[in-house]
2 protein chains.
Amino acid sequence: MELSLPLDSYLEEYRYKYIAIYYALRDAILEGRLPSGSKLPSTRYLANLYNISRGSVAQSYDMLLAEGYVQMIVGKGTFVTHAGPTPGTEEQAFSADITLSSWGQRLMSQYRTHYDKPKLKGEISFLLEGMPIEYFPYDEWRSALAYAGGKGGGDLAVVARPEGDAELREAIAGHLRITRGIAVEASNVVLFSGSMQGIAILSQLLVNEGEPVVVEDPGYHGIRNAVQACGGTIVRGDVDAEGLIPEEWNARVLFVTPSRQFPTGAVLSLDRRRQILKWAQKQEGVIIEDDYDSEFRWGGRPIEPLKALDLEGRVIYVGSFSKTMFAGLRLGYAILPNALVESVVQAKALYDPISPGLLEQRALAYFMIHGHYKRHLRRMTRIYRMRHDRLCSLMSDHMSDIFCLIKGDAGLHIYANWQRSAEEYEAFKVAAKSRNVEFRDASAYRIIPGPLAACFGFAHLDDEQMVEGVNRLATAWQDMQQ
Amino acid sequence: MELSLPLDSYLEEYRYKYIAIYYALRDAILEGRLPSGSKLPSTRYLANLYNISRGSVAQSYDMLLAEGYVQMIVGKGTFVTHAGPTPGTEEQAFSADITLSSWGQRLMSQYRTHYDKPKLKGEISFLLEGMPIEYFPYDEWRSALAYAGGKGGGDLAVVARPEGDAELREAIAGHLRITRGIAVEASNVVLFSGSMQGIAILSQLLVNEGEPVVVEDPGYHGIRNAVQACGGTIVRGDVDAEGLIPEEWNARVLFVTPSRQFPTGAVLSLDRRRQILKWAQKQEGVIIEDDYDSEFRWGGRPIEPLKALDLEGRVIYVGSFSKTMFAGLRLGYAILPNALVESVVQAKALYDPISPGLLEQRALAYFMIHGHYKRHLRRMTRIYRMRHDRLCSLMSDHMSDIFCLIKGDAGLHIYANWQRSAEEYEAFKVAAKSRNVEFRDASAYRIIPGPLAACFGFAHLDDEQMVEGVNRLATAWQDMQQ
């Protein structure tokens, strides 16, 4: 028996002797040092040879047997059955080409979500980055989390059905009844890991391959991606200062942001709301109303959602806590017509048979029920109003040559139309970058080219940063004039 | 001006006067008491009439104007433009029929996920309920959560890319290199909200409508649901005591549970592993290896996954923490061939542009890095081995007439073949229920009828409960004999 196992190195690597032997033998088999048909030494022999217990050797043989590397023939011994090394290297182990489904191919051919690069040192960013975390009621949130996770270990075993935590669904229904005038019961609320999951799942449930689907242009590219992944055909809905312009679209599904059009900020007029509802009724269609950030409304009470005017059950209302709480909290929801509750729950269950994020769901329910959410919204609305007004006045003072602002009364960004040529816009974007200031070219949100515009997020910027940012933008423009 | 607003009740309901007025007027318009064309009273008149400030009235008029209920004609006044009540009641608001896409229709026609009813009082349940939470290292998990969520508020603003927290992906790669022998880098790890999300998304990326897909029979119905929702055609793969029986399937995609077949517990022999890998190579296909609960292996070291033998990059390995940690922690992952990383991330981003559950992801990374996870697995493996052996011996002693146990060396349930007639099985299930003891009829996992069998989950049951449960089952059988 001339088998030489480099057992010492295996014994160093692995804590248990039987595992070290197992690996030493297995590698010898896989590398061809113990070819198929060769007989393994007896357990006694190997135990003596390496000064280990016979039990350990036997255990490693059992493992090889269980995995089929060896075969035991009663009265004869243990024989290698594995055919030896397969040609190939570890490099190859991750390298085969794999053909995607047509869903996958559609997905890969579409506009990709941009992940903003880490900020450069000293950069001022007007990208839409969400909230100033320094104003977040962190202590209250921590208490809520501790409450949610802290009722003793038993709670960990509780799993939430796919539609999510019942208490939070109740709290959301209550919040929407009061602040939005939607007559909604908790049973019509389904929670998602962010509103985008809801939009993607709703698209799958509603959109057939080749089916025309109306989306706003400009609009949120995530919605277009979801529709296109299903094979839906995008029908552009034009947008003006009163929001989406109704038409007699030959379609059955419409996505719209009536309370605050994304990204222009336009509020859909009541007349148009009613026209759109009538259209949906005529088409026996369905409207997905995406209410992404209108909770922060300082020009009076929040605009009433389309859902509150919907008497037929053709509107699905989608909301989110990512902007009102913090971006890392992935919690969105849909208010569903009865006709869709069961299928949406079933579709959600396909991906999440148990609702994820239960800890945060419960914490948020606690946070809402105890009034922290309402207080937080009220406070942030004041802060955002001040920031909005400040940025408007800074931009009016210093950049009215180049941008015409669409002043809003809600939301977390300002939409501004570019006043110069397309060539100058390109040059300005470069100049701004070189001045270390970032903003979002709104053409990213367009399906077909339209008037040039930009979005300026202000939620996360304090006064000093806004002054500096606008100053840099103005200087960038001046640079270009020379 | 004879307009009568029931303003007192509105003032009671709403905190701000302008909002109360807004709603009073709006309701009057919507209910037809202020018909289209009628002129609103002047702000001064209304202010005097109700003894409120003129500013409040003006603000409420602005809101009505913004929403299009009224129109202001300069020099003439403010006029109602809304057409009045729409026929219909609130009941109807959720009642329209909405046609589902073919994806939705396929989804709704398939086997539904069962959500176990709440336990009856005194019931003993052998359903597959996961772990005994009393053994969970709750203090360590709480510390990990506090660490993850507690580095000051700034962390709340951090969002994770769709593939999930980098530290956890690194920790998983390290864990799999050591315990599974998979040569994996963090860049090939994508996190999901549970392994089912991964399976559903992978199905969408790989399965075309009408495409044949091999799944094990018996097997996990969630996989079948995911394939069927994509329109895939299920190809049955038979299973025996060595796991899935390889065939020259005319297909490109295969789902398999090699380490511990679900639900039979069979370990796929090495020979078959290699056959299946060869098949995938020949078909230029892809294998999705679902390793759902083999971490708890007491018969030696964990069986090596198919992925460790995969030299071509045709195997996707899917794992989960729901069984090793607790069911409410929705955290799964896939180890992807290079060819699929980008498309899986893009698909995940369609649903979750920002990874949900970041708090728990970070907590788990901390928990793993600090050795708590390994210690927990080791401890639970001992406990599960004892429980498994105890349940086996109880059932052998008291139920060998009716069930033939397939003893395992891993996992959290025992698979047992029914030894009597189909009629007797039906009667036995009823008798067991009336004795207040639950178990899972394994025919729920079958595509076509096969040998009758049952699954008995033991993870959550202590000795006393197992004794009582087996006693009830045996008594139920005795009941039937009389």
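Quick notes on the overall build of chain A
- Within chain A one finds 16 helices and 16 strands.
- Its C-alpha atoms give chain A a radius of gyration of 31 Å, clearly above 23 Å, the size a compact globule of 482 residues would have.
- Projected onto the principal axes, the alpha-carbon positions of chain A cover approximately 90 × 60 × 50 Å.
- For chain A, buried positions account for 61% of its 482 residues.
- Taking the intrachain contacts of chain A between residues at least 6 apart in sequence as the baseline, contacts between residues at least 24 apart amount to 72%.
- Per element, the accessible surface of chain A, about 19,100 Å² overall, is 49% carbon and sulfur.
- Treating the 52 positive side-chain charges of chain A as one cloud and the 59 negative ones as another, the clouds have centres 3 Å apart.

Looking at the sheet that holds strand 12 (residues 403-406) of chain A
All names here are of chain A.
- The antiparallel open sheet is built from 4 strands, whose spatial order is 12-13-16-15. Either end of the sheet is taken by a strand with one partner, and the two such strands are strand 12 and strand 15 (440-441).
- Bridging between strand 15 and strand 16 (residues 453-457) involves 2 bridges; their strand directions are antiparallel. Bridged to D441 within strand 16 is A454.
- Helix 15 (residues 422-434) rests against strand 12, strand 13 (413-418), strand 15 and strand 16 of the sheet, and its axis sits at about 135° to strand 13.

Section: the relation of the copies chain B and chain A
- For these two chains of identical sequence, chain B goes onto chain A by a turn of 180° and a shift of 0.0 Å along the axis, with RMSD 0.1 Å. Expressed as a symmetry operation, the mapping of one chain copy onto the other fits a two-fold axis. No C-alpha of chain B lies nearer the rotation axis than that of G357 of chain B, which sits 2.9 Å from it.
- Mapped onto chain A, 100% of the interface residues of chain B are again interface residues, and the two copies thus contact each other with one and the same surface.

A few points about the sheet that holds strand 13 (residues 413-418) of chain B
Residue and element names in this part refer to chain B.
- One open sheet holds the 4 strands; their spatial order is 12-13-16-15, and the pairing between them is antiparallel. The open sheet has two edge strands with one neighbour each: strand 12 (403-406) and strand 15 (440-441).
- Judged from the 4 bridges that link them, strand 12 and strand 13 form a sheet pairing that is antiparallel. Each bridged residue has a counterpart across the sheet, and for I406 the counterpart in strand 13 is Y415.

A look at helix 9 (residues 221-229) of chain A
All names here are of chain A.
- In terms of burial, helix 9 is largely enclosed, as 8 of its 9 residues are buried.
- For helix 9, the set of buried residues is H221, G222, I223, R224, N225, A226, V227 and A229.
- Downstream of helix 9 by a residue or two, G231 has a phi angle that is positive, lying close to 90°.

With respect to the domain arrangement of chain A
- When cut into domains, chain A gives domain 1 (7-80), domain 2 (124-131 + 375-481) and domain 3 (136-370).
- Taking the mean C-alpha position of each, domain 1 of chain A and domain 2 of chain A sit 69 Å from one another.

Remarks on the environment of E284 of chain A
All names here are of chain A.
- Along the chain, the position of E284 falls in the loop between helix 10 (270-283) and strand 9 (286-290).
- For the pair E284 and R252, spaced 32 residues apart in sequence, the C-alpha separation works out to 6.7 Å.
- In contact with E284, not counting residues within four places along its chain, are R252 and R314.

Re the side chain of R297 of chain B
- Among the structural elements, R297 of chain B can be located in the loop between strand 9 (286-290) and helix 11 (306-309).
- Only 2.8 Å separates the side chain of R297 of chain B from the side chain of D409 of chain B, close enough to count as a polar contact.

Some details on the interface of chain B and chain A
- Between chain B and chain A, the residue contacts involve 117 residues of the former and 118 residues of the latter.
- Of the roughly 9,900 Å² buried where chain B meets chain A, counting both sides, 59% is carbon and sulfur surface.
- For the pair chain B and chain A, the number of links is 0 salt bridges.

Details of the packing of aromatic side chains
All names here are of chain A.
- Under the counting rule described, the total for this entry stands at 54 aromatic pairs over all chains.
- Through successive ring pairs, a cluster of aromatic residues spans F126, F403, W418, Y425, F428, F439, F456 and W477.
- Stacked on the ring of Y425, the Lys or Arg K429 has its end atom at 5.3 Å from the ring centre.

Focus on the pairing of strand 11 (residues 332-335) of chain B
Residues and elements named next belong to chain B.
- Residues G332 and A334 line one face of strand 11 and the alternating positions Y333 and I335 line the opposite face, and both faces are buried.
- In this structure, strand 4 (residues 189-192) lies alongside strand 11, joined through 4 bridges in antiparallel fashion. Opposite V189, over in strand 11, you have I335 as the bridge partner.
- In terms of strand pairing, strand 10 (residues 315-320) meets strand 11 through 4 bridges, oriented antiparallel. Counted as the bridge partner of V318 is A334 from strand 11.

About the cut-offs
Residues numbered from 1 in each chain as written. Chains lettered and ligands numbered in written order. Predicted model: local features only at pLDDT ≥ 70, side-chain atom pairs only at ≥ 80, totals over all residues. Heavy atoms only, no water. Helix = DSSP H or I, 4+ residues; strand = E, 2+ residues; numbered from the N terminus. Rg over C-alpha atoms; globule rule 2.2 N^0.38 Å. Buried < 20%, exposed > 50% of the residue type's maximum accessible area, 1.4 Å probe, protein only. Contact = heavy atoms within 4.5 Å. Areas by Shrake-Rupley, 256 points an atom, 1.4 Å probe, with all protein chains shown as cover. Lys, Arg positive; Asp, Glu negative; His and termini not counted. Charge placed at Lys NZ, Arg CZ, Asp CG, Glu CD. Pairing = 2+ DSSP bridges. Axes fitted to C-alpha atoms, helices over the stretch in contact; angles between N-to-C directions. Least-squares fit on C-alpha atoms with pLDDT ≥ 70 in both. Domains from an automatic or database assignment. Polar contact = N/O pair within 3.5 Å; in protein donor to acceptor, adjacent residues only side chain to side chain. Buried area = accessible area lost by both parts, 1.4 Å probe. Salt bridge = Lys/Arg side-chain N within 4 Å of Asp/Glu carboxyl O. Phe/Tyr/Trp six-rings, centres within 6.5 Å; stacked < 30°, edge-to-face > 60°. Lys NZ or Arg CZ within 6 Å of the ring centre and 35° of its normal.

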